[in-house]
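Read off the chains here:
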Amino acid sequence: MGKLLAVALVGIAAALAAERLMAFRNRLNASREIAPVTLPNCRLIKGIETGSEDIDILPNGLAFISSGLKYPGIKSLAPDKPGEIFLMDLNEDNPRAVELRISRGFDMASFNPHGISTYVDRDDTVYLFVVNHPHQKTTVELFKFVEDDSSLVHLKTFRHELLTSVNDIVAMGPDSFYATNDHYFSDFILMFLEMFLGLTWSNVVYYSPKEVKEVAAGFYSANGINISPDRKYIYVADVFDHNVHVMEKHANWNLTHVKTLQLDTLVDNLSIDPHTGDIWIGCHPNGMKLFYNDPENLPASEVLRIQNILSEEPVVTRVYADNGSVLQGSSVASVYEGKLLIGTVFHRALYCEL
């Protein structure tokens, strides 16, 4: 009887492990291959060699680019090199990336930038919020942009027990923001188990000097976050559930679910066209390739454009797709006046004229 019970338990455990493995592969889109979608006027951006994970463009065409992310389980082309913030002026005929100097006193050696967001104050001061992972921990760094000096002045570091594994942020004021925690755990092994078991413990947090609180939960892995041009709705990408959530923002900063748009790709960062309200998304067609990074089977890139997401029939367009031969692991796509920037987790960045 004891042996029979042991065999039964082993069989049950094996069946559960097999089911979890299949679900894990499905969340990673492990079998998906993509057909290329090319754009005619594109070039790789010189000087950006180790990632361009997030991009935020000011209304005047200045684009901030975070580079050099070291993320658990994903390849880094320069693991010992500190992260950087680049600036591009998209008003120029031939825009180039310029590294911004960061003020003394900030720990550049452990700078590991992830998601970014800008906020322009009433006096036209430009603030840049940067998710940072020094020593695999999480902080949010606040900088003031000094255009004449091409520099960033470090103002403050935000830390909180609810900001455990921040992926992306969207600024609400000079010292307030929404943030996505892409995992409940920050330890790599526990993060992997969280993904493998399909736990929906990821969330969105609102941070301000007066209060810090969870405002949305139940995500596999909340990733990119942004706000509609009318500032009424917050958009959240769940990378492992392949969807974008539309959340209504309330006066007390709480969020309520409005709708979910299901897609067939791993959605990363979200950028908003301020004129049309269209959502541009850098996506990973096959997440397994991103984690394995086999030189013979490179991680692909994909850019989606979502029009009229609040309508009953949003229009989803594949604007760009590449098998990794040009661009590997796209994470963001941002537009300004007919110009498109596509960033990646660890690879290059692409500039296109639409």
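- Per an unreviewed UniProt entry, the protein chain goes by the name Paraoxonase and belongs to Accipiter nisus.
- Quoted straight from UniProt, the Subcellular location (unreviewed entry) entry for the protein chain says "Membrane".
- Regarding the protein chain, the UniProt comment filed under Sequence similarities (unreviewed entry) reads as follows: "Belongs to the paraoxonase family."

## A short note on the overall build of the protein chain
Part 1 of the reasoning: A tally of helices and strands in the protein chain yields three helices and 25 strands.
Part 2 of the reasoning: Taking 2.2 N^0.38 as the reference for a compact globule, 354 residues should give roughly 20 Å; the C-alpha atoms of the protein chain span a radius of gyration of 20 Å, in line with that estimate.
Part 3 of the reasoning: Taking all 354 residues of the protein chain together, the buried fraction comes to 55%.
Part 4 of the reasoning: Counting contacts in the protein chain only where the partners sit at least 6 residues apart, residues at least 24 apart contribute 54% of the total.

## A look at the UniProt feature "binding site: Ca(2+) 1" (unreviewed entry) in the protein chain
Part 1 of the reasoning: Look at the UniProt record and you will see "binding site: Ca(2+) 1" (unreviewed entry) annotated at Glu53, Ile116, Asn167, Asp168, Asn223, Asp268 and Asn269. Annotated residues spanning 217 residues; largest pairwise C-alpha distance 13.0 Å, indicating a single compact cluster.
Part 2 of the reasoning: Ignoring any residue separated from it by four or fewer positions in sequence, one finds asparagine 167 in contact with His114, Gly115, Val131, Thr180, Asp182, Ala222, Asn223 and Asn269.
Part 3 of the reasoning: Mapped onto the elements of the fold, asparagine 223 is located in strand 15 (residues 222-227).
Part 4 of the reasoning: By relative accessible area, which is 6% here, asparagine 223 ends up buried.
Part 5 of the reasoning: Beyond its immediate stretch of four places on either side in the chain, asparagine 223 contacts Asn167, Asp168, Thr180, Ala237, Val239, Val267, Asp268 and Asn269.

## Observations concerning the environment of glycine 105
Part 1 of the reasoning: Secondary-structure assignment places glycine 105 in the loop between strand 6 (101-102) and strand 7 (113-120).
Part 2 of the reasoning: Spatially, the C-alpha atoms of glycine 105 and threonine 276 are 41 Å apart, while their sequence positions differ by 171 residues.

## Thoughts on the pattern of salt bridges
Pairing is possible between side chains that carry opposite charge, provided their charged atoms lie close to one another.
Part 1 of the reasoning: For the coordinates displayed, the defined rule picks out ten salt bridges.
Part 2 of the reasoning: Between lysine 81 and glutamate 84 there is a salt bridge whose closest N-O contact spans 3.5 Å.
Part 3 of the reasoning: In this structure, the salt-bridge partner of glutamate 302 is arginine 318, at a minimum N-O distance of 2.8 Å. Taken together, the residues glutamate 302 in strand 21 (residues 301-307) and arginine 318 in strand 22 (residues 315-322) connect sequence positions 16 residues apart.
Part 4 of the reasoning: The exposure class assigned to glutamate 302 is buried, which follows from its relative accessible area of 0%.
Part 5 of the reasoning: One connected set of salt bridges, linked through shared partners, spans Arg32, Asp264, Glu302 and Arg318.

## Examining helix 2 (residues 188-197)
Part 1 of the reasoning: Met191, Glu194, Met195 and Phe196 are the residues of helix 2 that are buried.
Part 2 of the reasoning: The residue sitting at the N-terminus of helix 2 and contributing the capping side-chain oxygen is aspartate 187; that oxygen lies 3.1 Å from the backbone nitrogen of isoleucine 189.
Part 3 of the reasoning: Glycine 198 lies just past helix 2 and shows a positive phi near 70°.

## Let's talk about the packing of aromatic side chains
Part 1 of the reasoning: A complete count under the given rule lists 18 aromatic pairs for this structure.
Part 2 of the reasoning: Between the aromatic rings of phenylalanine 24 and phenylalanine 192, the centroid separation amounts to 5.8 Å while the plane-to-plane angle is 80°, which identifies the pairing as edge-to-face. Of this pair, phenylalanine 24 sits in helix 1 (residues 2-27) while phenylalanine 192 sits in helix 2; the two residues are 168 residues apart in sequence, bridging distant segments of the chain.
Part 3 of the reasoning: The exposure class of phenylalanine 192 is partly exposed, given its relative accessible area of 36%.
Part 4 of the reasoning: For the ring pair tyrosine 184 and tryptophan 201, a centre distance of 5.3 Å and an interplane angle of 75° mean the geometry is edge-to-face. Taken together, the residues tyrosine 184 in the loop between strand 12 (176-181) and helix 2 and tryptophan 201 in the loop between helix 2 and strand 13 (202-207) connect sequence positions 17 residues apart.
Part 5 of the reasoning: Members of the aromatic cluster, joined through ring pairs, are Phe129, Phe158, Phe177 and Tyr207.

## Side note on the side chain of asparagine 167
Part 1 of the reasoning: Within the element layout of this structure, asparagine 167 appears in strand 11 (residues 166-173).
Part 2 of the reasoning: On the basis of relative accessibility, which here comes to 4%, the residue asparagine 167 falls in the buried class.
Part 3 of the reasoning: One polar contact links asparagine 167 to aspartate 182, side chain to side chain, over a distance of 3.0 Å.

## Some remarks on the UniProt feature "binding site: Ca(2+) 2" (unreviewed entry) in the protein chain
Part 1 of the reasoning: UniProt's entry tags Asp54 with the feature "binding site: Ca(2+) 2" (unreviewed entry), counted in the numbering of this structure.
Part 2 of the reasoning: Locating aspartate 54 in the fold gives a position in strand 2 (residues 54-57).
Part 3 of the reasoning: Of the residues examined, aspartate 54 reaches a relative accessible area of 3% and is grouped as buried.
Part 4 of the reasoning: The contacts of aspartate 54, once residues within four sequence positions are left out, are Phe64, Ile65, Ser66, His114, Gly115, Ile116, Asp168, Asn269 and Val332.

The rules behind the values
Residues numbered from 1 in each chain as written. Predicted model: local features only at pLDDT ≥ 70, side-chain atom pairs only at ≥ 80, totals over all residues. Heavy atoms only, no water. UniProt positions renumbered as here; feature names shortened; annotations may be inferred. Helix = DSSP H or I, 4+ residues; strand = E, 2+ residues; numbered from the N terminus. Rg over C-alpha atoms; globule rule 2.2 N^0.38 Å. Buried < 20%, exposed > 50% of the residue type's maximum accessible area, 1.4 Å probe, protein only. Contact = heavy atoms within 4.5 Å. Salt bridge = Lys/Arg side-chain N within 4 Å of Asp/Glu carboxyl O. Polar contact = N/O pair within 3.5 Å; in protein donor to acceptor, adjacent residues only side chain to side chain. Phe/Tyr/Trp six-rings, centres within 6.5 Å; stacked < 30°, edge-to-face > 60°.

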